[in-house]
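Notes for the structure review
Residue-level listing of the chains:
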Amino acid sequence: MDESGSCSKPETTSLLLDSLPKDLPAEFLKGITDGFSPDRELGKGVFGTVYRGTLKDGTEIAVKKIGSGSPVTPDKQFQNEVGNLMAVRHDNIVKLVGFCYETKRTVVEHNGRYILADTVESLLCYEYMKMGSLDKHIFAPSTLDWATRFKIIKGICQGLHFLHKGMDKPMLHMDLKPDNILLDENMAPKIADFGLSRLFGTEQTRMHTLNVVGAHGYMAPEYLYRGEISTQLDIYSLGLLIIEITIGERNQRSKDDMSARNLVENVRQNWTIEHIVSKYSSLDANSLQQLKVCIEIGLECVEIDRKKRPSIEHIVNKLDGRL
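Going by an unreviewed UniProt entry, the protein carries the name Protein kinase domain-containing protein and comes from Urochloa decumbens.

Printed below as a string of structure tokens:
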């Protein structure tokens, strides 16, 4: 509450979102997005397109319309993301506030003929993040100072710590990249887009898949080449994120360099602390130490050998100055 005793706007918005029915009709979501108008498009990713929806009271939410061409089948993708996100509550993880999964019979064209077929509408509704995704803010030209960048790095790490250590079973995100980090009005980061995520049982520390799916330039080598999945997969992507945020330079995301080894080697060989400091206005001794620690952590996270990468607890402790 504020000094007058009334609820603040963030608290009011949170209560309104919590009061939404979780299972929302497709027609309702179509209406609040103006028929999924291109004018309301917030972004487009591998699993679908996100639109800004406005409720009757003016509260805004983000509505993700899962595409039929996504690499994971819509029903599997939908059940995966809904089941995972409904269980997650953390300041640095985006909140799922509703969903829609409807099957209806429609007329479609098939081999030159019109037939009746079942079509599925699958949508996910999230809290709306006013400042959009991280990739819109951290690269040149950018006005983000070091204090804000360090706050973002710590927030992302705290969110990932909750996913790996704060739940009954570890949850892997498997698609960490600047596009999947959203920022609120205070530039606090929230991890989003759990379409690829996997839950691990307590007896599992590693598994394999033949279906390797992820973002160019952020895939750990053991996952890319051997389909090996573990928490260290997220740590590798986190390292690239930390490097990008710290140096303010974009990972080129080349299909010929899926693990961003060119960026990693460039930073190892050519980026000195003086080079990085020159990107910011005057930094005090504490800020210089933070910057140095972030580069160290980033490079530790992107070791080829996953066993040499730090755990998320080690990373959080190091950022907090406890090591």
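Following the structure, the description resumes.
In this structure, the second largest pocket encloses a volume near 560 Å³. Lining the second largest pocket are 26 residues; nearest its centre among them are Gly43, Val50, Ser133, Asp179 and Leu182. Breaking the lining of the second largest pocket down by element, the ones donating at least two residues are strand E1 (41-45), strand E2 (48-54), strand E3 (60-66) and strand E5 (113-127). Among the elements that take part in the lining of the second largest pocket, E1 stands out by supplying 4 residues, more than any other. Taken together, the residues of the lining of the second largest pocket break down into 11 nonpolar, 6 polar and 9 charged.

This part is about the UniProt feature "binding site: ATP" (unreviewed entry) in the protein. Mapped onto this structure's residue numbering, the UniProt feature "binding site: ATP" (unreviewed entry) falls at Lys65. Its place among the elements puts lysine 65 in strand E3. Residues in contact with lysine 65, not counting those within four places in the same chain, are Phe36, Phe47, Gly48, Thr49, Tyr51, Glu121, Ser122 and Leu123.

Moving on, we get to the packing of aromatic side chains. Under the criterion given, the structure shown has 3 aromatic pairs. Residues tryptophan 146 and tyrosine 280 carry aromatic rings whose centres are separated by 5.7 Å and whose planes lie at 65° to one another, so their mutual orientation is edge-to-face. Separated by 134 residues along the polypeptide, tryptophan 146 in helix H4 (residues 146-165) and tyrosine 280 in the loop between helix H8 (273-277) and helix H9 (285-301) bring together distant segments of the chain. You can call tyrosine 280 buried: its relative accessible area is 12%. Put simply, the rings of Trp146, Phe150 and Tyr280 touch in pairs and so form one group of aromatic residues.

A few words now on the pattern of salt bridges. Tallied over the entire structure, the rule returns 15 salt bridges. Linking lysine 165 and glutamate 313 is a salt bridge whose minimum nitrogen-to-oxygen distance equals 3.5 Å. In this pair, lysine 165 is assigned in helix H4 and glutamate 313 in helix H10 (residues 312-319), connecting sequence segments 148 residues apart. Taking the relative accessible area as the measure of exposure, lysine 165 reaches 47% and is therefore partly exposed. What makes glutamate 313 partly exposed here is its relative accessible area of 29%. When salt bridges that share partners are traced, they join Lys154, Asp320 and Arg322 into one network.

Moving on, we get to the packing of H9 against H10. Contact geometry for H9 and H10: axes closest at 10 Å, N-to-C directions at 170°. As summarised for this structure, H9 and H10 are arranged roughly antiparallel, according to the angle between their axes. Within the contact between the two elements, H9 uses Val293, Cys294, Glu296, Ile297, Glu300 and Cys301 and H10 uses His314, Ile315, Lys318 and Leu319. The class makeup of the residues in the contact of H9 with H10 is 6 nonpolar, 1 polar and 3 charged.

With that settled, consider the nonpolar core. Counting 63 residues, the largest nonpolar core has Leu134, Cys157, Leu163, Leu238, Ile315 and Leu319 as the members making the most contacts within it. When near neighbours in sequence (up to four residues on either side) are disregarded, leucine 163 contacts Val88, Ile93, Lys169, Pro170, Met171, His173, Ile191 and Phe194. Counting residues in each nonpolar core, the second largest holds 13 residues, with Phe36, Tyr51, Val97 and Cys125 among its members.

What follows concerns the sheet that holds E3. Pairing is antiparallel across the open sheet formed by 5 strands, whose spatial order is E1-E2-E3-E5-E4. One side of each edge strand has no neighbouring strand; the edge strands of this open sheet are E1 and strand E4 (96-110). For this sheet, the mean inter-axis angle between neighbouring strands, taken without regard to orientation, is 25°. Note that E1 and E2 share 4 bridges and pair antiparallel. Its bridge partner lying in E2, lysine 44 is registered against threonine 49.

This brings us to the environment of glutamine 79. Looking at where glutamine 79 falls in the secondary structure, it is placed in helix H3 (residues 74-86). Note: C-alpha distance between glutamine 79 and serine 122 (43 residues apart in sequence) is 9.7 Å.

Here we take up the environment of asparagine 186. By the secondary structure assignment, asparagine 186 is in the loop between strand E7 (181-183) and strand E8 (189-191). What makes asparagine 186 partly exposed here is its relative accessible area of 49%. With 38 residues separating them along the chain, asparagine 186 and threonine 148 place their C-alpha atoms 9.6 Å apart.

Criteria and thresholds
- Numbers given to residues run from 1 along each chain, matching the order in which its sequence is written.
- Selection of residues for local features in this predicted model requires a pLDDT of at least 70, selection of side-chain atom pairs for listing and counting requires 80 or more, and totals for whole chains, interfaces and linings are taken over all residues.
- Only heavy atoms go into the side-chain values, all of them from the structure, while hydrogens and water stay out.
- A pocket, in this scheme, is an open set of points on a 1 Å grid over the protein atoms alone with protein on both sides within 12 Å along at least 5 of 7 lines, while a cavity is a set where a 1.4 Å probe fits but cannot get out; residues line either one if an atom lies within 4 Å of a point.
- Grid points are joined across faces, edges and corners, and a volume is the space filled by probe spheres set on the points.
- Comment: elements are numbered from the N terminus, with helices defined as DSSP H or I runs of at least four residues and strands as E runs of at least two.
- Just so you know the grouping, Ala, Val, Leu, Ile, Met, Phe, Trp, Tyr, Cys and Pro go in nonpolar, Asp, Glu, Lys and Arg go in charged, and all remaining residues, Gly too, go in polar.
- UniProt positions are given in the numbering used here, feature names are shortened, and annotations may be inferred rather than shown by experiment.
- It only takes one pair of heavy atoms within 4.5 Å for two residues to be counted as in contact.
- Classification of ring pairs rests on two measures: the distance between centres of Phe, Tyr or Trp rings, Trp counted by its six-membered ring, which must be within 6.5 Å, and the angle between planes, read as stacked under 30 degrees, edge-to-face over 60 and tilted in between.
- Burial status follows relative accessibility: with a 1.4 Å probe on protein chains alone, a residue under 20% of its type maximum counts as buried, one over 50% as exposed, and anything between as partly exposed.
- Salt bridges are counted wherever a side-chain nitrogen of Lys or Arg sits within 4 Å of a carboxyl oxygen of Asp or Glu.
- Fitting a line to C-alpha atoms yields each axis, with helices limited to the stretch in contact; the angle taken between N-to-C directions then spans 0 to 180 degrees.
- We call two directions roughly parallel when the angle between them is under 35 degrees, roughly antiparallel when it is over 145, roughly perpendicular when it lies between 65 and 115, and oblique otherwise.
- Here, nonpolar core means buried Ala, Val, Leu, Ile, Met, Phe, Trp, Tyr and Cys residues that are tied together by side-chain atoms lying within 4.5 Å of each other.
- Strand pairing is defined by DSSP finding a minimum of two bridges between the two strands.

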